[in-house]
Amino acid sequence: MASNQWKWQEPGTVWKGVGIYHVTMTVPSREPLLGTLQIPDNDPKQAFVERTDLGKEIVYLIGSIPNYRPQIRLLQYCLMPDHVHFIVHVQQQMPYSIKAAIRGFWQAAKKAGREYILSISPNDIRNNEQNTPSPIFTEIPFIRPLSRSGQLQTMYDYVRMNPQRLATKHLMHGFFRVQENIEIAGRRYSAVGNTKLLLSDRFETVHVRHELLNLAATGNDHPLRNYMNGCIIAARKGAVMVSPFISEKEKEIQTVLLAEEHPIILLADNGFRDYYKPSAGLFDSVAAGNVLILSPWPYDPQKKRVSRSECVAMNGMAEEIANLHF
């Protein structure tokens, strides 16, 4: 595999040094070749993945990484029906990069995948000499360094909660399905969440303007606090709050709205990729029907940051939605 296929890595990362990494490997076809999701009593909290023979082998290979790379410690893993997550800690400087260690695991996983395909459909393959099994794991595992404070605990929780979140998506499929061409005020959006929120009688925007922040910076924070409190009071009185929730203070308002289970409409600066899943902070609120996420843009896998022009555009969209009578 050509080395230039590793260039998605974040620039400036010391890949041979001490660090913690989150690794994801996916079955490109998204077939459940690694296991089957089980949801006892339709309770997502009891969900687990019953492993196939291939799933068991992948777990074994993950657990074997420290045997071949003693500088690496396995911290956590979670096998899902069509992908696997694991977190590793490189405890001391290595003569090779973490990419080399994961490449070794990946090659072993591809071999296991070929053997698994042969085992479940040997007759089909043997009756056609040209029909040789192709590697299941054709995509290079994604490696993400964890460097910011609190990032490790967040990733622990994310990996641990994967079966529960997948079970919730299965049970509440309508709220997690990407819906296309939702027209609002002549604009078309992609949507995830509860579209019935658009039928509400009252909407209010959340937009903490620079004037309020500038006053707070001079010591006069009363207008800012009054505005933020006013947003929460409006939600308590039944308004659906609409915003991209970009700034720090807007995110603080969003946190309170979600904690109090008020409905919100969130404008997003990027569209929805295949198999999109809301962030951990939004997931439960989406499942409860309290959130609608809208984006007028197609998904861009290269997008990293929101631009100022996009911020202005999304605040304008929030105003459009708030001023409409559906």
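Residues numbered from 1 in each chain as written. Predicted model: local features only at pLDDT ≥ 70, side-chain atom pairs only at ≥ 80, totals over all residues. Heavy atoms only, no water.

Draft legend 1. Just the sheet that holds strand β8 (residues 187-193), in detail. In space, the six strands of this open sheet follow the order β7-β8-β12-β11-β10-β9, with mixed pairing throughout. With partners counted over all chains shown, the strands left at the sheet margins are β7 (179-184) and β9 (203-205), one partner each. Taking the axes of each pair of neighbouring strands and ignoring which way they run, one obtains an average angle of 30 degrees across the sheet. Sheet topology places β9 next to strand β10 (residues 240-243); three bridges connect them, and they run parallel. (Pairing = 2+ DSSP bridges. Helix = DSSP H or I, 4+ residues; strand = E, 2+ residues; numbered from the N terminus. Axes fitted to C-alpha atoms, helices over the stretch in contact; angles between N-to-C directions.)

Draft legend 2. Up close: the packing of helix α8 (residues 222-236) against helix α9 (residues 248-259). In contact at an axis separation of 10 Å, α8 and α9 are set at 30 degrees when each is read in the N-to-C sense. Of the possible angle classes, the one that applies to α8 and α9 is roughly parallel. Like other packed secondary-structure pairs, α8 and α9 cross with a definite hand, here right-handed. Judged by residue contacts, L224, M228, C231, I232 and A235 of α8 engage K249, E252, I253, V256 and L257 from α9. For the contact of α8 with α9, the class distribution of residues is eight nonpolar, no polar and two charged. (Parallel < 35°, antiparallel > 145°, perpendicular 65-115°, else oblique. Left-handed = near helix turned anticlockwise from the far one by under 90°. Contact = heavy atoms within 4.5 Å. Nonpolar A, V, L, I, M, F, W, Y, C, P; charged D, E, K, R; others polar.)

Draft legend 3. Just the sheet that holds strand β5 (residues 83-90), in detail. Reading across from one edge, β4-β5-β1-β6 is the order of the four strands in this open sheet, with antiparallel pairing throughout. Two strands bound the open sheet, and with one partner strand each, they are β4 (72-79) and β6 (142-146). Strand after strand, the sheet turns through a mean of 20 degrees between neighbouring axes, direction not considered. This element, helix α1 (residues 53-68), spans β1 (19-26), β4 and β5 of the sheet and lies at about 165 degrees to β4. Running at roughly 40 degrees to β4, helix α4 (residues 151-160) makes contact with β1, β4, β5 and β6 of the sheet.

Draft legend 4. The packing of α1 against helix α2 (residues 98-120), seen in detail. Two elements in contact, α1 and α2, have axes separated by 10 Å at closest approach and are oriented at 160 degrees. Relative to α2, α1 is oriented roughly antiparallel. Of the two elements, α1 crosses α2, and the hand of that crossing is right-handed. Touching D53, L54, E57, I58, L61, I62 and I65 of α1 are F105, A108, A109, A112, G113 and Y116, all from α2. Tallied by class, residues from the contact of α1 with α2 come to 10 nonpolar, one polar and two charged.

Draft legend 5. View of the state of the cysteines. Evaluated as defined, the whole model comprises zero disulfides. The thiol of C231 is unpaired, and the distance to the nearest cysteine sulfur, on C311, comes to 17 Å. When its relative accessible area of 16% is taken as the criterion, C311 is described as buried. (Disulfide = S-S within 2.5 Å. Buried < 20%, exposed > 50% of the residue type's maximum accessible area, 1.4 Å probe, protein only.)

Draft legend 6. Quick peek at the packing of aromatic side chains. Taken as a whole and assessed by the stated rule, the structure comprises three aromatic pairs. Ring geometry for F86 against F105: centres 5.3 Å apart, planes inclined by 75 degrees, an arrangement best described as edge-to-face. Here F86 is found in strand β5, whereas its partner F105 is found in helix α2, with 19 residues between them in sequence. Judged on exposure class, the residue F86 and its partner F105 are both buried. With 4.8 Å between their ring centres and 65 degrees between their planes, F272 and Y276 make a pair best called edge-to-face. In this structure, R69 packs its charged tip against the face of Y96, placed 4.2 Å from the ring centre. (Phe/Tyr/Trp six-rings, centres within 6.5 Å; stacked < 30°, edge-to-face > 60°. Lys NZ or Arg CZ within 6 Å of the ring centre and 35° of its normal.)

Draft legend 7. How the structure looks around the environment of S279. Positionally, S279 belongs in the loop between β11 (264-267) and α10 (280-287). As a C-alpha pair, S279 and Y158 span 121 residues in sequence and 9.2 Å in three-dimensional space.

Draft legend 8. Quick look at α8. With 15 residues, α8 should cover 21 Å at 1.5 Å per step; its first-to-last C-alpha distance of 21 Å lies within 8% of that length. Of the residues flanking the end of α8, it is G238, one or two places downstream, whose phi is positive at about 110 degrees. (Expected span 1.5 Å × (residues − 1).)

Draft legend 9. A look at unusual backbone geometry. Phi is positive for N181, which is not a glycine, with a value near 60 degrees. With relative accessibility at 52%, the residue N181 sits in the exposed group. Residues other than glycine seldom take positive phi values, yet Y275 does so here, at roughly 60 degrees. Tracing the backbone shows Y275 in the loop between β11 and α10.

Draft legend 10. Focus on the side chain of N270. In this fold, N270 is placed in the loop between β11 and α10. Not counting residues up to four positions away in its chain, the partners in contact with N270 are S295, W297, P298, Y299, D300 and K303.

Draft legend 11. Layout of the pairing of β8. For β8, the tally of buried residues reaches five of seven residues, placing the bulk of the element in the interior. Relative to β8, β7 runs antiparallel, the two sharing four bridges. Residue I184 lies in a different strand from β8, and its bridge partner there is R187. Here β8 runs beside strand β12 (residues 291-295); their pairing, made up of four bridges, is antiparallel. Paired with S190 across the bridge in β12 is S295.

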